[in-house]
Amino acid sequence: MNAFHYQNGQLYAENTALYDIAENIPTPFYVYSQQGILDHFAAFDGAAKKHLKQALTCFAIKSNANPSVLKLLAQAGAGADIVSGGELLLALKSGIPADKIVFSGVGKTREELTLAVENNIKQINVESEEEALMLDEIAALAGKKAKIALRINPDVDAHTHYKITTGKKENKFGIDWEKARSLYRLFSESKGLQPVGIDVHVGSQLLDLEPFEAAFERAAEIVYSLRDDGIDIRTIDVGGGLGVAYQPIDQAPSPEMYMTLAGRILGNLNCEIVFEPGRFLLAQSAVLVSRVVRVKQTETRRFLVLDAGMNDLIRPAIYEAYHDIAAVKEGINDHSYDVVGPICESSDTFGTDRQLPAMKAGDLVVIKTAGAYGASMASNYNFRPLCAEILVNGSDYAVIRERQTLDDMLALTRSAPWL
Ligand code: LLP
């Protein structure tokens, strides 16, 4: 499923040489492989449908919010997992039908909940009693019943980076699973709420199936006890989290393994199983292309200074995340570099002691596995523009986001009248 490969000594995305794109577009930029995204979606959604009678794959938009990416996934049949009003509007605009949209998040505002009710989305994953009461009031006023799932905090350790674990009791997410039963009873008697499902999400970049197993089992247990109470649970949303290999030593479970587990534990509950993958669908389908600004040799280190920085790809800086780095021109990896960006922070480091061919100013490198939480987490830090995004389709490519200009970056600023 790797759409990036060397051909005649050059790195290609599908049938397009990255070197050729860089002749026309200023670096840094993200390059996505359309086939890569479609292949990952087919692998995930196909395995879901093979192991479960009813399954829906809702792409977690937070991992990549480019409208062309969303359109592509919408056309392939994906729904969306959204976490803001902005993502809701974007999903609808990109052709994702409202009845395939689930809304997660601990801080949904009154405006966002109203928007969700107005658009009759599939399900709102409620994260607290307080949120449910607000939603009840909004829906009742509109004369509607909002379909809800309670996000259960299953108190499961996801064995992932502490900043992206969500299913432990001490995390801010979800409702204590011991409390859920009485809340379901309460909400099913309310005017504006219709409990239709339950929701669990334990964390992101899970390389191990065991936390999923624990969470699925807890979900199944809750569905049985709710049915005993006469509450008709129709959907089980198991969140996202399936990890990917960022480096050769990572052993990621395949969608087939993950869905076999889901099928075994959740397959006979007569529920639709909703999945919210982000990273699995996008991560491996893009690279960040960057140019070497200079090679800087100090007494002890050799730095490869790139024109991409932590504002373009922040994962290494905030999660100590590993991303493979490779030269666009194939060569023998016999030189060691600390690969850094231009930003004024030591955390602006993409990797230390990375083996690459001998590099010089102007050469191109790629930072791999950058399609998820890359562009979507980019910022203007150091007053640097958001970079371009390119979608490759065979030997064709299109700019799906222009690089920002100085005018774009200043567009919303105003001079204080007294200055
Ligand atoms: N559903 C919910 C409720 C979530 O909170 C998340 C991710 C997902 C689905 C999608 O999870 P995925 O399949 O992508 O693992 N910025 C971090 C990742 C943060 C994930 C937040 N929630 C990173 O770059 O690693």
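Rules used in this analysis
Residues numbered from 1 in each chain as written. Predicted model: local features only at pLDDT ≥ 70, side-chain atom pairs only at ≥ 80, totals over all residues. Heavy atoms only, no water. Buried < 20%, exposed > 50% of the residue type's maximum accessible area, 1.4 Å probe, protein only. Helix = DSSP H or I, 4+ residues; strand = E, 2+ residues; numbered from the N terminus. Arc of directions from axis to C-beta. Domains from an automatic or database assignment. Contact = heavy atoms within 4.5 Å. Buried area = accessible area lost by both parts, 1.4 Å probe. Salt bridge = Lys/Arg side-chain N within 4 Å of Asp/Glu carboxyl O. Polar contact = N/O pair within 3.5 Å; in protein donor to acceptor, adjacent residues only side chain to side chain.

Caption draft 1: Looking closely at helix α5 (residues 110–118). Looking at α5, one finds that the buried residues are Glu112, Leu113, Ala116 and Val117. Looking straight down α5, one finds its buried side chains confined to an arc of 135°; they lie on one side. Projecting away from the buried face of α5 at angles above 90 degrees are the exposed residues Glu111 and Glu118. Of the residues trailing α5, Asn120 is marked for its positive phi of about 50°.

Caption draft 2: Layout of the domain arrangement of the chain. Split into domains, the chain comes out as domain 1 (4–33 + 283–410) and domain 2 (34–279). Computed over C-alpha atoms only, the centres of domain 1 and domain 2 are separated by 32 Å. On the side of domain 2, 22 residues touch domain 1, which itself brings 24 residues to the contact. Interface area for domain 1 against domain 2, summed over the two sides, is near 2,000 Å², with a carbon-plus-sulfur share of 49%. Area buried by domain 1 at its contact with domain 2 is led by Gln284, Tyr322 and Tyr373, which between them contribute 26% of it. Here domain 1 and domain 2 share zero salt bridges between them. Across the contact surface, domain 1 and domain 2 share 16 residue pairs in polar contact (both at pLDDT 80 or more). Broken down by secondary-structure element, the contributors of at least two residues to the side of domain 1 that touches domain 2 are β4 (29–33), α11 (315–319), β20 (388–393) and β21 (396–401). Top element by residues in the side of domain 1 that touches domain 2 is β20. It accounts for four residues.

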